[in-house]
Amino acid sequence: MRSSYNASPRWYQRCFAWMMAHAAGEYEAAMTARKQALFDGLEGTVLELGPGAGPNLCYYSPSIQWIGLEPNPFMLPYLQTSAAQADLNIQVRQQTLEQASLPPHSVDVVVSTLVLCSVPNLSATLEIIHRILKPGGRFLFIEHVAAPSGSLLRTLQSGIRPIWQIIGDGCQLNRDTGPAIKAAGFDQVEYETFDGPVPIPLVGPHICGTAIK
């Protein structure tokens, strides 16, 4: 739901940044243990896609080199506040992953949480992630995904997707993100499926995992 490909009007970007900074407290609190386990012991250069207001910064070691790709300029003050609280030096680029043009084999870890739902071309994004990771590098992800095929929830997700995509800053409810990651050329992909701590069932199905190059 947190877009890394923001082409919305500035008033919408401002409102979306405020919402992400102030309306996700319960979700983040419920995800604490899962995020602590996923982000434990990260080292080297960590690239985060669409970091939003910075809810993940508190899990990182100050020793890492953190780069965030966040096109929404109104997220920057929230990111700076979160970084100061985490004693973390950050580098924020107001770019998409495609615009950043990062060299191959240049990143140790790529992080994506609630971002892949909104990228215009999922397979192309995963291809870039795979390319920029160093051999042995890791792609860490937590994403809301499509409900099982044939389920009533999947039918509802598909039906409301066009409207949701407009109000949700490009978010697509019915993306089969897990299988797409498995098909992206990583040597090893492991993830678990779980019900996310959200009040809206449409974004309830989640995956959390790691892909290793």
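- For the protein chain, the name recorded in an unreviewed UniProt entry is Class I SAM-dependent methyltransferase, with Lyngbya confervoides BDU141951 as its organism.

**Section: the sheet that holds strand β3 (residues 90-93)**
Consideration 1: With mixed pairing, the seven strands of this open sheet are ordered in space as β3-β2-β1-β4-β5-β7-β6. Where the open sheet ends on each side, the last strands, each with one partner, are β3 and β6 (188-195). Averaged over all adjacent pairs, the angle separating strand axes in this sheet is 15°, with direction ignored.
Consideration 2: Bridge count between strand β1 (residues 45-49) and strand β2 (residues 65-69): five bridges; the pairing is parallel. Considered in β2, the bridge of Leu 49 is made with Leu 69.
Consideration 3: Sitting on the sheet, helix α4 (residues 76-86) touches β2 and β3, and the angle it makes with β3 is about 165°.
Consideration 4: Along the sheet, helix α6 (residues 122-132) makes contact with β1, β4 (107-113) and β5 (133-144), crossing β5 at roughly 145°.

**Digging into the pairing of strand β7 (residues 205-212)**
Consideration 1: Across the eight residues of β7, six count as buried, placing the element largely inside the fold.
Consideration 2: Alignment of β5 against β7, held across seven bridges, turns out to be antiparallel. Paired with Ile 142 across the two strands is Cys 208, which belongs to β7.
Consideration 3: Sheet analysis places β6 next to β7, joined by eight bridges and oriented antiparallel. Residue pairing in the sheet places Asp 195 in a bridge with Pro 205 of β7.

**Some details on the nonpolar core**
Consideration 1: One finds Leu 47, Val 110, Ile 129, Phe 139 and Ile 181 to be the most contacted residues of the largest nonpolar core, which totals 26 residues.
Consideration 2: If you list the elements that add at least two residues to this core, you get β1, β2, α5 (97-100), β4, α6, β5 and β7.
Consideration 3: Counting residues per element, this core draws most heavily on α6, which supplies five residues.
Consideration 4: In this structure, Phe 39, Leu 42, Val 46 and Leu 79 belong to the second largest nonpolar core, which totals 22 residues.

**Quick look at the packing of aromatic side chains**
Consideration 1: Tallied over the entire structure, the rule returns six aromatic pairs.
Consideration 2: Judged by centre distance (5.9 Å) and plane angle (80°), the ring pair of Trp 11 and Tyr 12 falls under edge-to-face.
Consideration 3: Look at Tyr 12 and you get buried, because its relative accessible area is 17%.
Consideration 4: Taking 6.0 Å as the distance between ring centres and 50° as the angle between the ring planes, the aromatic pair formed by Phe 39 and Tyr 59 counts as tilted. Of this pair, Phe 39 sits in the loop between α3 (32-38) and β1 while Tyr 59 sits in the loop between β1 and β2, and the two are 20 residues apart along the sequence.
Consideration 5: On the basis of relative accessibility, which here comes to 17%, the residue Tyr 59 falls in the buried class.
Consideration 6: An aromatic cluster of at least three residues, connected via ring pairs, comprises Phe 139, Phe 141, Phe 186 and Tyr 191.

Criteria and cut-off values
- Residues numbered from 1 in each chain as written.
- Predicted model: local features only at pLDDT ≥ 70, side-chain atom pairs only at ≥ 80, totals over all residues.
- Heavy atoms only, no water.
- Pairing = 2+ DSSP bridges.
- Helix = DSSP H or I, 4+ residues; strand = E, 2+ residues; numbered from the N terminus.
- Axes fitted to C-alpha atoms, helices over the stretch in contact; angles between N-to-C directions.
- Contact = heavy atoms within 4.5 Å.
- Buried < 20%, exposed > 50% of the residue type's maximum accessible area, 1.4 Å probe, protein only.
- Core = buried A, V, L, I, M, F, W, Y, C linked by side-chain atoms within 4.5 Å.
- Phe/Tyr/Trp six-rings, centres within 6.5 Å; stacked < 30°, edge-to-face > 60°.

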